[in-house]
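One-letter residues, chain by chain:
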Amino acid sequence: MDELMSSWDILFKAKDGHECSRLIMSTMRGGSVVHCSVPRDIFEEGSKEDTNIRQFWNNVCSFMEKDGDIDDLINFELVFFPIVNGCHYYVICFDLQKGSFHILDNNVTNKASSTNYGIVPYNVHKVFVEALKIIKDERANKLLKAKQKIQKMSWRTSNQVDCGIFAMRHMETFMGGNLLKWHCGFDQEGDKQKLQIEYLRIKYVSEILLSNVNCNKQFVTAEVEKFELHSSEKQLELLLAAKMMKDKCF
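Described in the following lines is the structure provided in the data block. Note that the structure is predicted; figures quoted are calculated from it, not measured. (Residues numbered from 1 in each chain as written. Predicted model: local features only at pLDDT ≥ 70, side-chain atom pairs only at ≥ 80, totals over all residues. Heavy atoms only, no water.)

## Things to note about the overall build of the protein chain
Regarding its fold elements, the protein chain presents ten helices and six strands. When burial is assessed residue by residue, the protein chain has 38% of its 250 residues classed as buried. Within the protein chain, contacts between residues at least 6 apart in sequence are counted, and of these 58% link residues at least 24 apart. As displayed, the protein chain has an accessible area near 15,100 Å², and 55% of this comes from carbon and sulfur atoms. (Helix = DSSP H or I, 4+ residues; strand = E, 2+ residues; numbered from the N terminus. Buried < 20%, exposed > 50% of the residue type's maximum accessible area, 1.4 Å probe, protein only. Contact = heavy atoms within 4.5 Å. Areas by Shrake-Rupley, 256 points an atom, 1.4 Å probe, with all protein chains shown as cover.)

## Focus on the side chain of Gln196
Take Gln196: it is sitting in helix α8 (residues 191-209). Note on Gln196: relative accessible area 17%, which makes it buried. Of note is the side chain of Gln196, whose polar atom sits 3.2 Å from the backbone oxygen of Gly185. Residues within four places of Gln196 in sequence aside, it is in contact with Gly185, Phe186 and Asp187. (Polar contact = N/O pair within 3.5 Å; in protein donor to acceptor, adjacent residues only side chain to side chain.)

## Topic: the packing of helix α7 (residues 163-173) against α8
Where α7 contacts α8, the two axes come as close as 10 Å, and the packing angle between them is 75°. Taken together, α7 and α8 sit at an angle that is classed as roughly perpendicular. Every residue of α8 that contacts α7 at Ile165, Phe166, Met168, Arg169 and Glu172 is listed here: Gln193, Ile197, Leu200, Arg201, Lys203 and Tyr204. The residue makeup of the contact of α7 with α8, split by class, is six nonpolar, one polar and four charged. (Axes fitted to C-alpha atoms, helices over the stretch in contact; angles between N-to-C directions. Parallel < 35°, antiparallel > 145°, perpendicular 65-115°, else oblique. Nonpolar A, V, L, I, M, F, W, Y, C, P; charged D, E, K, R; others polar.)

## A few points about the side chain of Arg139
You can see Arg139 is positioned in helix α6 (residues 139-144). Residue Arg139 is classed as buried on the basis of its relative accessible area of 13%. One polar contact links the side chain of Arg139 to the main-chain carbonyl oxygen of Phe76, over a distance of 2.7 Å. With near-sequence residues (within four places) excluded, Arg139 lies in contact with Leu73, Ile74, Phe76, Leu96 and Gln97.

## Looking at the sheet that holds strand β3 (residues 78-85)
Spatially, four strands are ordered β3-β4-β5-β6 in an open sheet, and the strand pairing comes out mixed. On the outer flanks of this sheet lie β3 and β6 (148-150), each paired with one strand and no other. Averaged over all adjacent pairs, the angle separating strand axes in this sheet is 25°, with direction ignored. Bridge count between strand β5 (residues 100-104) and β6: three bridges; the pairing is parallel. When the bridges of β6 are listed, Phe101 appears paired with Gln148. In the packing of helix α5 (residues 120-134) onto the sheet, contacts are made with β3, β4 (88-95), β5 and β6, and the angle to β4 comes to roughly 35°. Where α7 meets the sheet, its contacts fall on β3, β4 and β5, and the angle it forms with β4 comes to roughly 15°. (Pairing = 2+ DSSP bridges.)

## Structural notes on the pattern of salt bridges
Taken as a whole and assessed by the stated rule, the structure comprises nine salt bridges. Here Asp162 and Arg201 are joined by a salt bridge, their closest N and O atoms 2.5 Å apart. Of this pair, Asp162 sits in the loop between β6 and α7 while Arg201 sits in helix α8; the two residues are 39 residues apart in sequence, bridging distant segments of the chain. Assigned by exposure class, Asp162 and Arg201 land together as buried. Of the charged contacts in the structure, one is a salt bridge between Asp187 and Lys192, with a shortest N-O distance of 4.0 Å. (Salt bridge = Lys/Arg side-chain N within 4 Å of Asp/Glu carboxyl O.)

## Topic: the packing of aromatic side chains
Two numbers describe a pair of aromatic rings. These are the distance of the centres and the angle of the planes. Taken as a whole and assessed by the stated rule, the structure comprises nine aromatic pairs. For the ring pair Phe81 and Phe94, a centre distance of 5.9 Å and an interplane angle of 75° mean the geometry is edge-to-face. Here Phe81 is found in strand β3, whereas its partner Phe94 is found in strand β4, with 13 residues between them in sequence. Like Phe81, the residue Phe94 is buried in the burial classification. An aromatic cluster of three or more residues is present, and its members are Phe80, Trp155, Phe174 and Trp182. (Phe/Tyr/Trp six-rings, centres within 6.5 Å; stacked < 30°, edge-to-face > 60°.)

## Section: the pairing of β4
Most of β4 is tucked away, with eight of its eight residues classed as buried. As defined by bridge partners, β3 adjoins β4 across eight bridges and the pair is classed as antiparallel. Counterpart to Val84 in the pairing with β4 is Tyr89. Between β3 and β4, which pair antiparallel one after the other, the connecting turn spans two residues, and Gly86 there sits at a positive phi close to 70°. Two elements, β4 and β5, share five bridges in a ladder whose sense is antiparallel. Paired with Phe94 across the two strands is Phe101, which belongs to β5.

In structure tokens, the structure reads:
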């Protein structure tokens, strides 16, 4: 009973009410959204275009206002939109300087945009360009002509579980420029890549839980201190139990 209760301890809680349990944070399961700045229906067919564009831009402005260093997009060259489609995460990136439009996806099977991504990339592109026009950003016209390109990275995989890890790593390392020289640190699919994914899972979860955005940061810190008081044998036992819990979820 104690194990069941601890699995559902709320480790992450944002001020807006979004929260994640210990189980979700330990597995980083796809489909569990900590925060979504733009509702999905904005990009679906049959919705009111003008209203969507305004709602989209209001959301973008709201997030920029929360960061004291961001007043507008004029000094930004790259803009990333993490996309959640069902339980799959991928990234749409707009290069405002070059006027290019990239889809960064670890899934090697997603080759045909029309069948795997639907209308979402097209509508994200359309709404973002219209939003740039609202603020009279001259780069809007150049971006309007951009054709989406699915990046064919050497580390793409058939891995259907860890797409969120790949998406975060792609946003962390993609800098535009010469795409042939871009490498985010992943080896090709295999045992070594699995170890790299596990390392990044720990890194990202740690940064999320210990960030000031987490209202339950003190609880997490206390949990870490409690863990460090255990013997090395007990720590190993707890780590193995956590791994078993993660493996059961998949």
